[in-house]
Amino acid sequence: AKHQGKSSYAHFTPEMSEVSHERLQMESRLRRALELKEFELYFQPIVDTASGKLRAAEALLRWNNPVMGMVMPDRFIPLAEETGLIISIGEWVLEQACSAASGWKEQTGLDIGISVNVSPRQFRDPGFISAVARALSNNNLAPERLELEITERLLLDNSIETAQILKELDRKKVRLSVDDFGTGYSALSYLKSYPFDSLKIDRTFINDVLKEPEDASLVRAIINMAHSLELTVVAEGVESEPQTRFLKKEGCDYSQGYFYSRPLPAEEFSEWLRTNHR
Ligand code: C2E
Ligand code: CA
Ligand code: CA
Ligand code: CA
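Predicted model only: the values in this text are computed from it and were never measured.

Undergrad: Quick question: what am I supposed to make of the coordination of the calcium ion (ligand 2) here?
TA: Ideal donor angles around a metal are set by the shape: a four-donor tetrahedron calls for 109.5 degrees, a six-donor octahedron for 90 or 180 degrees. Taken together, Glu58 (OE), Asn117 (OD1), Glu149 (OE) and Asp179 (OD) make up the protein donors of the calcium ion (ligand 2), found 2.1 to 2.3 Å from the metal. Look at where the donors of the calcium ion (ligand 2) fall in the sequence and you get E-x58-N-x31-E-x29-D. A distance of 3.9 Å spans the gap from the calcium ion (ligand 2) to the calcium ion (ligand 4), which aspartate 179 bridges by coordinating each metal. With a gap of 121 residues between them, glutamate 58 in strand β2 (residues 54–65) and aspartate 179 in strand β6 (residues 175–181) connect regions that are remote in the sequence. Side by side, glutamate 58 and aspartate 179 carry an identical accessibility label, which is buried.

Right, here's the structure in full:
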């Protein structure tokens, strides 16, 4: 704005300087958060829609800051992306997530998968693939147990680089899924050219699936399309019994949402495992 001449200075209000001050403060706190061990992973069950059996868990990041309290990812992931901090934070997430999954195997004997969110900057970092490999080998976890969730947004650029990274991850047998499916307005053709294993229907579609016939049609169409491309489908944001009945009827493979469980801290997730899946 500074380059646009005098008038833009006139629009610079005290509130704006407050905002940028806040941002700078948050950035400096975020820089120290890893070494101060302020991050924590929560885990949310992903269940087989037909049987209700646990299939995997999604790792969801929380930031416990002594001043700000618990900060949700929507508030700090964008900043972590802009500053590049997402790369070291993302490595920490991969390590912790793989470690948790290998702990569940010891606890239950079950092969419970772990899904990890990957942001664009992290995905394109030259060290990303080796960070994934390291997290797997450090924790003795089979690559098929790890699923990387990538948003449609990341695929918009259509670059050769993106295609190559996806191919390499697929070659390593890591599972790949499209997150927030249906919100990204990208051409559907990427689904056949990239090696995805599953897609997650965005919760905005699931939300009104019983109230809006259009949403029901869309969800039905997405499930059928995914299956004809041999992709598994996960419904996100499932909050009620009637929604699960609809999803069962339509053959949606997996479901995730408050109806089954909120995201839980590691200890509580283990407890959930003990009571729900002995
Ligand atoms: P997402 O990947 O779409 O994750 C699902 C979000 O929906 C989570 O929000 C989860 O708590 C919430 N959710 C789950 N079930 C329900 C439900 O039944 N109803 C409703 N209304 N919401 C539900 P959360 O944990 O706040 O995460 C927000 C976003 O932050 C995630 O969206 C993801 O894009 C990003 N994120 C979270 N953890 C990480 C991470 O480790 N790395 C990166 N790069 N991004 C992350
Ligand atoms: Ca996700
Ligand atoms: Ca694959
Ligand atoms: Ca999602």
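Undergrad: Before we go on, may I ask you to explain the pattern of salt bridges in this structure?
TA: Side-chain pairing between opposite charges can occur once the charged atoms of the two side chains come close. In total, this model carries 17 salt bridges according to the counting rule given. For lysine 105, the salt bridge is made with aspartate 111, and the minimal N-O distance between the two is 2.8 Å. Looking at lysine 105, the relative accessible area reads 33%, which means it is partly exposed. A salt bridge links glutamate 241 to arginine 245; the shortest N-O distance between them is 3.4 Å. Remark: arginine 245 and glutamate 241 occur in helix α12 (residues 241–249); sequence separation between them is four residues, near one turn of the helix. Each member of the salt-bridge network shares a partner with another, and the members are Arg23, Glu27, Arg31 and Glu82.

Undergrad: I'm lost on the site of ligand 1 in this one. Help?
TA: Not every one of the 22 residues close to ligand 1 is listed here, only the nearest: Arg62, Asn117, Arg203, Glu239 and Tyr258. In the environment of ligand 1, an oxygen atom lies 2.8 Å from a nitrogen or oxygen atom belonging to the side chain of arginine 62. The side chain of aspartate 179 places a nitrogen or oxygen atom 3.0 Å from an oxygen atom of ligand 1. Considering ligand 1 on its own, with 800 Å² of exposed area, one finds that the protein chains cover 85% of that surface. Per-element accounting of the shell around ligand 1 gives the leading share, four residues, to β2. The class makeup of the residues in the shell around ligand 1 is nine nonpolar, five polar and eight charged.

Undergrad: Help me out: how do you make sense of the packing of helix α6 (residues 128–138) against helix α8 (residues 160–171) in this one?
TA: Angle between the axes and distance between the axes are the two parameters that describe a pair of packed helices. Running from N to C, α6 and α8 point in directions that differ by 20°, and their axes come no closer than 11 Å. Looking at the two axes, α6 sits roughly parallel to α8. Here α6 and α8 pass one another in a crossing that is right-handed. Two secondary-structure elements touch here, α6 through Phe128, Ile129 and Val132 and α8 through Ile165, Glu168 and Leu169. For the contact of α6 with α8, the residue count by class is five nonpolar, no polar and one charged.

Undergrad: Could you clarify how one ought to interpret unusual backbone geometry in this entry?
TA: For residues besides glycine, phi is generally negative; the peptide bonds are generally trans as well. In this structure, lysine 37 takes a positive phi of about 55° despite not being glycine. Positive phi outside glycine occurs at glutamate 230, with the angle close to 60°. Within the secondary structure, glutamate 230 sits in the loop between α11 (213–228) and β8 (232–235). With a relative accessible area of 73%, glutamate 230 lands in the exposed category.

Undergrad: Whenever I open this one, helix α3 (residues 73–83) confuses me. Can you help?
TA: Two residues of an α-helix separated by three or four positions point the same way, owing to the 3.6 residues in each turn. Buried within α3 we find Pro73, Phe76, Leu79, Ala80 and Glu81. Immediately downstream of α3, the backbone of glycine 84 shows phi near 85°, a positive value.

Undergrad: So what exactly am I meant to see when it comes to the layout of surface pockets here?
TA: Over the atoms, a rolled probe matching the size of one water molecule traces out where space is still vacant. If you add up the space inside the largest pocket, you get close to 1200 Å³. In terms of lining residues, the largest pocket is bounded by 39 residues, among which Glu58, Leu60, Pro73, Asp74 and Asn117 are the most central. Contributing elements (two or more residues each) for the lining of the largest pocket: β1 (39–48), β2, α3, α4 (86–108), β4 (113–118), α5 (120–124), β5 (146–151) and β6.

Undergrad: Even after reading the chapter, I still don't get the packing of aromatic side chains, so can you show me in this structure?
TA: Where two aromatic rings form a pair, the distance of their centres and the angle of their planes describe that pair. Considering all chains together, one arrives at 13 aromatic pairs under this definition. Consider the rings of tyrosine 190 and phenylalanine 196, whose centres lie 6.3 Å apart with planes at 80°: the pair is edge-to-face. Residue tyrosine 190 shares its accessibility class with phenylalanine 196, and that shared class is buried. Both rings, one in tyrosine 194 and one in phenylalanine 196, keep their centres 6.4 Å apart while their planes meet at 75°; by these two values the pair is edge-to-face. An aromatic cluster is built from Phe39, Trp63, Phe76 and Trp92, whose rings are joined through pairwise contacts. The ring of tyrosine 42 has arginine 62 sitting right over it, with the charged end atom 5.2 Å from the ring centre.

Criteria and thresholds
- What you see as residue numbers is a count from 1 along each chain, following the sequence as written.
- Each chain is given a letter, starting from A, and each ligand a number, starting from 1, according to the order in which they appear as written.
- Local features in this predicted model are restricted to residues of pLDDT 70 or higher, and side-chain atom pairs are both shown and tallied only at a pLDDT of 80 or more, whereas totals for entire chains, interfaces and linings draw on every residue.
- Side-chain descriptors were evaluated using all non-hydrogen atoms of the structure, hydrogens and water having been removed beforehand.
- Any N, O or S atom lying within 2.8 Å of the metal counts as a donor, and for Na, K and Ca the limit rises to 3.2 Å; water is left out, so some sites can look incomplete.
- Helix and strand definitions here come from DSSP, where helices need a minimum of 4 consecutive H or I residues and strands a minimum of 2 consecutive E residues; each element is numbered from the N-terminal end.
- Buried means the residue's accessible area, taken with a 1.4 Å probe over protein chains only, is under 20% of the maximum for its type, while exposed means over 50%, and partly exposed covers the values in between.
- What makes a salt bridge here is a side-chain nitrogen of Lys or Arg within 4 Å of a carboxyl oxygen of Asp or Glu, nothing more.
- The near set for a molecule or strand comprises every residue that places at least one heavy atom within 4 Å of it.
- The definition of a polar contact used here is a pair of N or O atoms within 3.5 Å, where within protein one atom must be able to donate a hydrogen and the other to accept one, and adjacent residues in sequence count solely through side-chain atom pairs.
- Values of accessible area rely on a 1.4 Å probe in the Shrake-Rupley scheme; residue burial ignores everything except the protein chains shown.
- Basically, the charged four are Asp, Glu, Lys and Arg, the nonpolar ten are Ala, Val, Leu, Ile, Met, Phe, Trp, Tyr, Cys and Pro, and anything else, Gly included, counts as polar.
- For helices, the fitted axis covers only the stretch in contact; all axes are lines through C-alpha atoms, and the angles between them, taken along N-to-C directions, range from 0 to 180 degrees.
- Each angle gets one of four labels, with under 35 degrees taken as roughly parallel, over 145 as roughly antiparallel, 65 to 115 as roughly perpendicular, and the rest as oblique.
- Note: crossing handedness is left-handed where the near helix turns anticlockwise from the far helix by less than a right angle, and right-handed where it turns clockwise.
- Any two residues whose heavy atoms approach within 4.5 Å are treated as being in contact.
- Cavities and pockets are found on a 1 Å grid laid over the protein atoms alone: a cavity is a set of points where a 1.4 Å probe fits but cannot escape, a pocket is an open set with protein on both sides within 12 Å along at least five of seven lines, and a lining residue has an atom within 4 Å of such a point.
- Grid points are joined across faces, edges and corners, and a volume is the space filled by probe spheres set on the points.
- In summary, the pairing rule links any two rings of Phe, Tyr or Trp, Trp by its six-membered ring, whose centres are within 6.5 Å, and it sorts them by plane angle into stacked for under 30 degrees, edge-to-face for over 60 and tilted for everything else.
- Look at NZ for Lys and CZ for Arg. If either is within 6 Å of the ring centre and within 35 degrees of the ring normal, a charge sits over the ring.

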